[in-house]
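Each chain, written out:
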Amino acid sequence: MTTSRIAGFYNLPLGERLDKLVEAAGLTSDELAAFQTLNGLADEQADHMIENAVGTFGLPLGIGLNFVVNGRDVLVPMAIEEPSVVAGASFMAKLVRTGGGFTVITSAPEMIGQMQVMEVQDLMAASMELHEHKTELLAEADVADPLLKKFGGGARDLEVRIIEDSPIGPFLVVHLIYDVRDAMGANAVNTACEKLAPHIEKITGGRVHLRILSNLADRRLVKASCTVPLKELAFTNTDGRTFTGEQVRDGIIEAWAFAEADPYRAATHNKGIMNGVDAVVIATGNDWRAIEAGAHAYAARFGRYTSLSTWGKDEGGNLTGELEMPMAVGIVGGATKVHPAARAALKLMGVKTASDLAGTIASVGLAQNLAALRALATEGIQRGHMSLHARQVAIAAGATSDQIEKVAAKMVAEKTVRIDRAEEILKALGKS
Ligand code: MEV
């Protein structure tokens, strides 16, 4: 990868954008061909992936530009239907770049497998017994996935929890902590839990009911942080309205404080983060429902749902941001390997480990959060959304090729973006 800064990318026709990617990323056009519908996921492959397949479902794939993550330029594939997300993330990554880019750290790729143990006579005594047999239980779980073991993964720890109060009364929960290296890990963890269950029943005298991983992957965390120099925040919008760096910075901090304090706002704030996160998770063939579940459960970990990110300022008055969340993504196995576009996406990003991928995803989430807060704290979200939204409305009204731009531009100029108006403009165009 030479650089993730590609000037004028936005204005190029789609095919030329691909040429630019080939130049910038050092990949061949064959390697990126999977991004084209015809070379993407074939019906036959889809048929092997899920049941009752009747075809495939397309989403636009855009490239997040300007990202620097731990000093490395990264071009970020993003699959998303919502306008403004790719542009917003790319623009914010450009600002963050002037402050040195994103810094990320990740914990070990440890997932949690849960076993629900029922019908235990003495929960405390059973819990102690399990602790005493911990070494042999871990040894047994450790060999459940020989491939993971070969790559340095395997069972790491066993935790026992007593659920005192539930609709069916108290029971025991055993957590198996499993290092899944570069896999997402669901299969490995579920297999290990199923393997361990009979032994746990023997030790506790109980019955193991559920054996399944937890999506609250709070031992597999990623933290992305960034600094935006104060002067980069100042801007003048197209109406000639000027915002100083201090105004923008303080407006962003106030907006974050709202999400920090109020679950109603936090849900929307975190949705903005997930706009960026999910787009990369989907483009790389990962399980976005798992990431969503983990993110929101983590956001509620203190007993009250709150913001996943934090915004503040450093001694120099620059804006600082941080995003910490679970990130159970893999680069081996599942759709990441089967889906041709996911393979091309991983190659384009040049990620070598699941933790590299997690770091880039969190950086995009933070960038996307910044884009939303900056817009909300200054001119409002609708202005930036307007022209892309207008194009979608124009298409929905039946506009094709150059009619799309004409209809959209007229609606934006009139500040009326509605399907009935788009239809009227389209009708008038037809007559002219
Ligand atoms: C829209 O998809 C996302 C936002 O609502 C996020 C936010 O409010 O922070 C703009």
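Residues numbered from 1 in each chain as written. Predicted model: local features only at pLDDT ≥ 70, side-chain atom pairs only at ≥ 80, totals over all residues. Heavy atoms only, no water.

Caption draft 1: Representation of the pattern of salt bridges in the model. In the structure shown here, the tally under the stated rule is 20 salt bridges. The residue lysine 149 makes a salt bridge to aspartate 142 at a minimum N-O spacing of 2.7 Å. According to the relative accessible area criterion, lysine 149 is partly exposed, its value standing at 38%. A salt bridge links arginine 219 to glutamate 159; the shortest N-O distance between them is 3.1 Å. In this pair, arginine 219 sits in the loop between β7 (207–213) and β8 (221–228) while glutamate 159 sits in strand β5 (residues 154–163), placing the two residues 60 residues apart along the sequence. With relative accessibility at 28%, the residue glutamate 159 sits in the partly exposed group. (Salt bridge = Lys/Arg side-chain N within 4 Å of Asp/Glu carboxyl O. Buried < 20%, exposed > 50% of the residue type's maximum accessible area, 1.4 Å probe, protein only. Helix = DSSP H or I, 4+ residues; strand = E, 2+ residues; numbered from the N terminus.)

Caption draft 2: Quick look at the sheet that holds strand β12 (residues 319–326). The antiparallel open sheet is built from 4 strands, whose spatial order is β3-β8-β12-β11. Every interior strand has two partners, whereas the edge strands, β3 (103–106) and β11 (309–313), have only one. Put simply, the sheet's adjacent strands are angled 15° from each other on average, direction ignored. Pairing between β8 and β12: 8 bridges, direction antiparallel. Pairing of cysteine 226 across the sheet is with glycine 321, part of β12. Together, β11 and β12 form the strand contacts of helix α10 (residues 245–261), whose direction differs from that of β11 by roughly 145°. Running over the sheet, helix α15 (residues 354–377) touches β3, β8, β11 and β12 and is turned about 45° from β8. (Pairing = 2+ DSSP bridges. Axes fitted to C-alpha atoms, helices over the stretch in contact; angles between N-to-C directions. Contact = heavy atoms within 4.5 Å.)

Caption draft 3: Representation of the site of the ligand within the structure. Lining the immediate surroundings of the ligand are Glu82, Arg265, Thr268, His269, Lys271, Gly272, Asn275, Ala372, Leu376 and Ile381. One of the side-chain N or O atoms of glutamate 82 is found 2.7 Å from an oxygen atom in the ligand. Here an oxygen atom of the ligand and a side-chain polar atom of asparagine 275 are 2.9 Å apart. Within the complex, the protein chains bury 84% of what would otherwise be the 300 Å² of accessible surface of the ligand. Listing elements by their share of the shell around the ligand, those giving two or more residues are α11 (263–283) and α15. Element by element, the count of residues in the shell around the ligand is highest for α11, at 6 residues. (Near = heavy atom within 4 Å. Polar contact = N/O pair within 3.5 Å; in protein donor to acceptor, adjacent residues only side chain to side chain. Areas by Shrake-Rupley, 256 points an atom, 1.4 Å probe, with all protein chains shown as cover.)

Caption draft 4: Representation of the sheet that holds β5 within the structure. Pairing in this open sheet of 4 strands is antiparallel, and the strands run β5-β6-β4-β7 from one edge to the other. Sheet topology places β5 and β7 at the edges, where each strand pairs with a single neighbour. Each neighbouring strand pair of the sheet contributes to a mean axis angle of 20°, computed without reference to strand direction. Sheet analysis places β5 next to strand β6 (residues 171–179), joined by 9 bridges and oriented antiparallel. From the neighbouring strand, isoleucine 163 faces β6, where its bridge partner is phenylalanine 171. Lying over the sheet, helix α6 (residues 134–142) contacts β5 and β6, oriented at roughly 125° with respect to β5. Sheet contacts for helix α8 (residues 186–204): β4 (110–118), β5, β6 and β7; angle to β7, the most-contacted strand, approximately 160°.

Caption draft 5: Structural detail: the packing of α11 against α15. The contact between α11 and α15 brings their axes to 8 Å, and the two run at 135°. Relative to α15, the element α11 is oriented oblique. As α11 runs across α15, the sense of the crossing is right-handed. Only Ile361, Val364, Gly365, Gln368, Asn369, Leu373 and Leu376 of α15 make contact with α11, whose side of the interface consists of Arg265, His269, Gly272, Ile273, Asn275, Gly276, Val277, Val280 and Val281. Of the residues that constitute the contact of α11 with α15, the class distribution is 8 nonpolar, 7 polar and 1 charged. (Parallel < 35°, antiparallel > 145°, perpendicular 65-115°, else oblique. Left-handed = near helix turned anticlockwise from the far one by under 90°. Nonpolar A, V, L, I, M, F, W, Y, C, P; charged D, E, K, R; others polar.)

Caption draft 6: Seen up close, the domain arrangement of the protein. Each assigned domain of the protein is listed with its residue range as follows: domain 1 (59–103 + 221–376), domain 2 (110–213) and domain 3 (384–431). Averaged C-alpha coordinates put domain 2 and domain 3 at centres separated by 57 Å. (Domains from an automatic or database assignment.)

Caption draft 7: Here's a closer look at the nonpolar core. Counting residues in hydrophobic clusters, the biggest one holds 97 residues, and the most contacted among them are Leu176, Tyr178 and Met325. In terms of residues, this core owes the most to one element, α15, which gives 10 residues. Built from parts of two domains, this core gets at least three residues from each of domain 1 (59–103 + 221–376) and domain 2 (110–213). Not counting chain neighbours up to four residues away, the residues in contact with methionine 325 comprise Arg220, Leu221, Val222, Met274, Val277, Ile291, Ala295, Tyr298 and Leu308. Among the nonpolar cores identified, the runner-up in size contains 17 residues, and Leu18, Ala24, Ala25 and Ala344 belong to it. (Core = buried A, V, L, I, M, F, W, Y, C linked by side-chain atoms within 4.5 Å.)

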